[in-house]
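# Descriptive structure summary
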Amino acid sequence: MINQNKFISKIEANKFLNSQGDEFTIINNPDYIHPSFEIVPLALKLSPPLKGLRAVVMDMDGTITTTEKLCIHSLEFMIRKMSGKLEKDSWIGIDEKIDFPNIIGNSTTKHVEYLLTRYTKLLSSDDILKSFIYAALWTLYIGKDENRKAEVKLNLANFGLSNIHKNERLLRLTDSNSVTETELHSITDSLLGGLEMTLNLSSINEYVRIGIDIYYQRYHEILKRIEDGKGNDISRELFGNSENHLIEPMPGVVIFLSLVKGWLGEEIINIIPQLIKEYELKSNQIFAGNIDEVTNKLLTLSKYFQINPIKTAIVTSSISYEAKIVMAEMVKVARNEIPKYNLSSETENFLHNKFSNYKNLFDAFVTASDSSEIRLKPHRDLYSIALHQLGISKNIFDQVIGFEDSESGTIAIRAAGIGMCIAVPFAETSGHNLDAATFICEGGLPEALLNYNLFL
Ligand SMILES: [Mg+2]
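Keep in mind it's a predicted model, so treat the numbers as computed, not measured.

Further remarks concern the environment of Asp127. Looking at the secondary structure, you find Asp127 in helix α5 (residues 125-141). Judged by its relative accessible area of 23%, Asp127 falls in the partly exposed class. Taking the C-alpha atoms as reference points, Asp127 and Glu348, 221 residues apart in sequence, are found 53 Å from one another. In contact with Asp127, not counting residues within four places along its chain, are Lys81, Met82, Ser83 and Gly84. A polar contact is formed between the side chain of Asp127 and the side chain of Ser124, at a distance of 2.6 Å.

On to the side chain of Gln274. Note on placement: Gln274 falls in helix α12 (residues 268-283). Looking at Gln274, its side chain comes within polar contact range of the side chain of Glu278, at 2.9 Å. Other than its neighbours up to four places away in sequence, Gln274 contacts Ile255, Lys340 and Tyr341.

Strand order in the open sheet formed by 6 strands is β5-β4-β3-β6-β7-β8, and the pairing between neighbours is parallel. Taken across any chain shown, the strands that pair with only one partner, and hence form the sheet edges, are β5 (364-366) and β8 (439-440). Bridge count for strand β7 (residues 421-423) against β8 is 2 bridges, and the pairing is parallel. Residue pairing in the sheet places Ile422 in a bridge with Phe439 of β8. Lying over the sheet, helix α17 (residues 407-415) contacts β6 (400-404) and β7, oriented at roughly 160° with respect to β6.

Now for the packing of aromatic side chains. Scanning all chains against the criterion turns up 12 aromatic pairs. Relative to Phe455, the ring of Phe439 has its centre 5.1 Å away and its plane inclined at 35°; by these criteria the two rings are tilted. Of this pair, Phe439 sits in strand β8 while Phe455 is found in the segment after α18 (444-450), placing the two residues 16 residues apart along the sequence. Among the aromatic residues, ring-to-ring pairing joins Tyr215, Tyr216 and Tyr219 into one connected group.

With 5 of 5 residues buried, β6 is to be regarded as a mostly interior element. Residues Val400, Gly402 and Glu404 of β6 are buried on one face, and the alternating residues Ile401 and Phe403, pointing to the opposite face, are buried as well. Pairing geometry for strand β3 (residues 55-58) and β6, over 4 bridges, is parallel. Within β6, the position partnered with Ala55 by the bridge is Val400. Relative to β7, β6 runs parallel, the two sharing 3 bridges.

Moving on, we come to the coordination of the magnesium ion. All of the protein donors around the magnesium ion are Asp59 (OD), Asp61 (O) and Asp405 (OD); their distances to the metal are 2.1 to 2.3 Å. Sequence positions of the donors to the magnesium ion reduce to the motif D-x1-D-x343-D. Look at Asp61 and you get buried, because its relative accessible area is 9%.

So, about empty space enclosed by the protein. Per the counting criterion, the structure on display carries 2 cavities of 30 Å³ or more. Roughly 240 Å³ of internal volume is contained in the largest cavity. Lining the largest cavity we find 22 residues, and of these Asp61, Asn106, His111, Ser317 and Ser318 sit closest to its centre. The residue makeup of the lining of the largest cavity, split by class, is 6 nonpolar, 9 polar and 7 charged. Shared between two domains, the lining of the largest cavity holds at least three residues of each, these being domain 2 (55-66 + 248-455) and domain 3 (68-239). Taken as a whole, the second largest cavity holds about 30 Å³ of empty space. Lining the second largest cavity are Gly62, Thr63, Met250, Pro251, Lys282, Val424, Gly444 and Leu445. Grouping the constituent residues of the lining of the second largest cavity by class yields 4 nonpolar, 3 polar and 1 charged.

As a further point, take the domain arrangement of the protein. The domain boundaries assigned to the protein delineate domain 1 (10-41), domain 2 (55-66 + 248-455) and domain 3 (68-239). The gap between the C-alpha centroids of domain 1 and domain 2 is 30 Å. Domain 1 puts 9 residues into the contact, and the matching count from domain 2 is 8 residues. When domain 1 packs against domain 2, the two sides together hide about 660 Å² of surface, and 59% of this comes from carbon and sulfur. It is Glu23, Ile27 and Val40 in domain 1 that bury the most area against domain 2; as a group they hold 47% of the surface buried on that side. The tally of links between domain 1 and domain 2 comes to 2 salt bridges. Note that Glu23 and Arg414 form a salt bridge whose closest N and O atoms lie 2.9 Å from each other.

Thresholds, definitions, all that
- Residues numbered from 1 in each chain as written.
- Predicted model: local features only at pLDDT ≥ 70, side-chain atom pairs only at ≥ 80, totals over all residues.
- Heavy atoms only, no water.
- Helix = DSSP H or I, 4+ residues; strand = E, 2+ residues; numbered from the N terminus.
- Buried < 20%, exposed > 50% of the residue type's maximum accessible area, 1.4 Å probe, protein only.
- Contact = heavy atoms within 4.5 Å.
- Polar contact = N/O pair within 3.5 Å; in protein donor to acceptor, adjacent residues only side chain to side chain.
- Pairing = 2+ DSSP bridges.
- Axes fitted to C-alpha atoms, helices over the stretch in contact; angles between N-to-C directions.
- Phe/Tyr/Trp six-rings, centres within 6.5 Å; stacked < 30°, edge-to-face > 60°.
- Donors = N, O, S within 2.8 Å, 3.2 Å for Na, K, Ca; no water.
- 1 Å grid on protein atoms, 1.4 Å probe; cavity = no way out; pocket = protein on both sides within 12 Å on 5 of 7 lines; lining within 4 Å.
- Points joined across faces, edges and corners; volume = space filled by probe spheres on them.
- Nonpolar A, V, L, I, M, F, W, Y, C, P; charged D, E, K, R; others polar.
- Domains from an automatic or database assignment.
- Buried area = accessible area lost by both parts, 1.4 Å probe.
- Salt bridge = Lys/Arg side-chain N within 4 Å of Asp/Glu carboxyl O.

Here you go:
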């Protein structure tokens, strides 16, 4: 049904909506948006086997990489800074059961808005001001992301604090090109001591604007350290173990990508024991399938992809600066996994080469920077952009699989018109409502291969 009239009555609007399908989702918008919600039709769930497979579109954090720990740490850090409760003794921290479903997989704005609403009582205006100024100075003088710098400047202006970064001491330091975090702390203190500054916080929206700057400052500070090769130090500092990679591929990712790109051929057979191991690691269950049967099926699949490699896209609500560092670190760790696969040296070298750059693995790389903060998941936009970049037209959306670990991500996939939506939840997203998913694979990507033959 195509609408000829630009303006229609409520009854007609209803009719149009009706023609869009049987299942809809309601998406709540951030506080400053009109209207406060949108109603969006969802693609019909498909049943396997698919007619064919042309593309796979997948989320980054929690689906391809383990980054949620970092995001959650940075969100908790934001509340700690804005409340002055830096230690566990003064505030126990974010509640896994209640809070995790609300702070994973959505847009940063929604995560921050949720936490600031829930923990409003902890916040103190002195600590909000101090942490805001420090975060703003860090972003402007140490941070590397130009979009963040622009947003921070806008925010300072909004709160009447534009002058703080024109501070003489700062200008002298930036001339010598060597601003350190210690110096920024000291400048923040002197600014607060010398100036009569108050923040006029009249709505949750204003708290959120500040919270976002503090969250990103912490997240980017850690990413910068990882980028500088100090990932081990920060792992030890935050999680007490330097061997724990803060960012690494989720189980099955390296095998999955190599398979669908057609790089494994008959050597898939050598990898199956490792794939089963990764399935068991992800699902916490012993693999119960028939190994001969699985081997035959995956061999057929692997030969098929050798002739028909598919297109792949990353679709993430992270901004481009973050996604690039995360993916660079992911492939770095992935390269070390390849020797485990028991491959011929030729294939091993080939994969090592391919995993030297994440751009070899993905045909499209769509981040929050390609859209607007207000149109991130669960909205369809990032997925729609990815499908367009991959050259997948609507008539073959039924030959696309989308992978997501979160509630809003699975909704975004279906809202983009993809009926084969696979949820790959993990511990932190176990409380999410994954009703939008066509299938839920607790065993992640390995389960999609071992138990479902990739729905083909
Ligand atoms: Mg995710």
